[in-house]
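# Report on the structure
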Amino acid sequence: MTDRVVVAGAVYDRGRLLAARRSAPPELAGRWELPGGKVEPGEGPREALVRELREELGIEAEPGKRVPGAWPLGRGYVLHVWTARVLSGEPRPLQDHDELRWLTRAEWDTVDWLEQDVPAVVEALRHL
Ligand code: DCM
């Protein structure tokens with residue numbers, strides 16, 4: 001069985017990376033992540049990312065390039081990351097999150113990232 005893909009966006013704007021604090025489920029609440037979610041059957045990864053960022057943050061986003069790497073999430077899921085930029089809208093925590101923060105490069109490690117997001121964020125910062 002191949003792992004199912006969770007896509008997340010390294011949303012970047014004027015030198016800052018968008019971090020989102022999860023509000024659910026309880027075991028992940030309070031931890032920070034690159035926003036995204038599961039790719040649904042029949043969906044492409046870029047399409048899934050656009051949908052997730054629209055649902056979760058209320059923005060229209062444009063995926064850029066895939067950040068090299070794949071980070072296992074357990075339970076048959078693997079994390080892929082794409083760079084993305086905001087085309088329209090101001091990100092707001094509509095679903096799954098209760099706070100958003102734009103982090104400068106120097107600030108990237110000032111939030112409590114989910115473990116698997118740490119190497120993904122480090123890699124993403126090299127490709128933004
Ligand atoms: N996930 C993660 N890191 C991300 C995005 C998601 O570890 N940057 C995990 C959290 C969930 C699963 O992927 O267990 C699916 O995410 P969601 O609930 O947002 O669809």
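Below, the structure is looked at part by part.

Following A24, the chain continues to P25 via a peptide bond in cis, the omega torsion being -15°. A positive phi angle is found at R75, which is not glycine, with a value near 50°. Within the fold, R75 resides in the loop between strand 5 (60-74) and strand 6 (77-88). In this structure, D96 is a non-glycine residue whose phi angle is positive, near 70°. The residue D96 is located in the loop between strand 6 and strand 7 (97-104) in this model.

What follows deals with the pairing of strand 2 (residues 16-22). The side chains of a regular strand alternate between the sheet's two faces. Taking burial as the measure, the seven residues of strand 2 include five buried ones, the bulk of the element. One ladder, built from two bridges, connects strand 1 (residues 4-13) with strand 2; its direction is antiparallel. By the bridge assignment, Y12 is partnered in strand 2 with L17. Joining the antiparallel neighbours strand 1 and strand 2 is a turn of two residues, in which R14 adopts a positive phi near 45°.

Conventions used here
Residues numbered from 1 in each chain as written. Predicted model: local features only at pLDDT ≥ 70, side-chain atom pairs only at ≥ 80, totals over all residues. Heavy atoms only, no water. Helix = DSSP H or I, 4+ residues; strand = E, 2+ residues; numbered from the N terminus. Buried < 20%, exposed > 50% of the residue type's maximum accessible area, 1.4 Å probe, protein only. Pairing = 2+ DSSP bridges.

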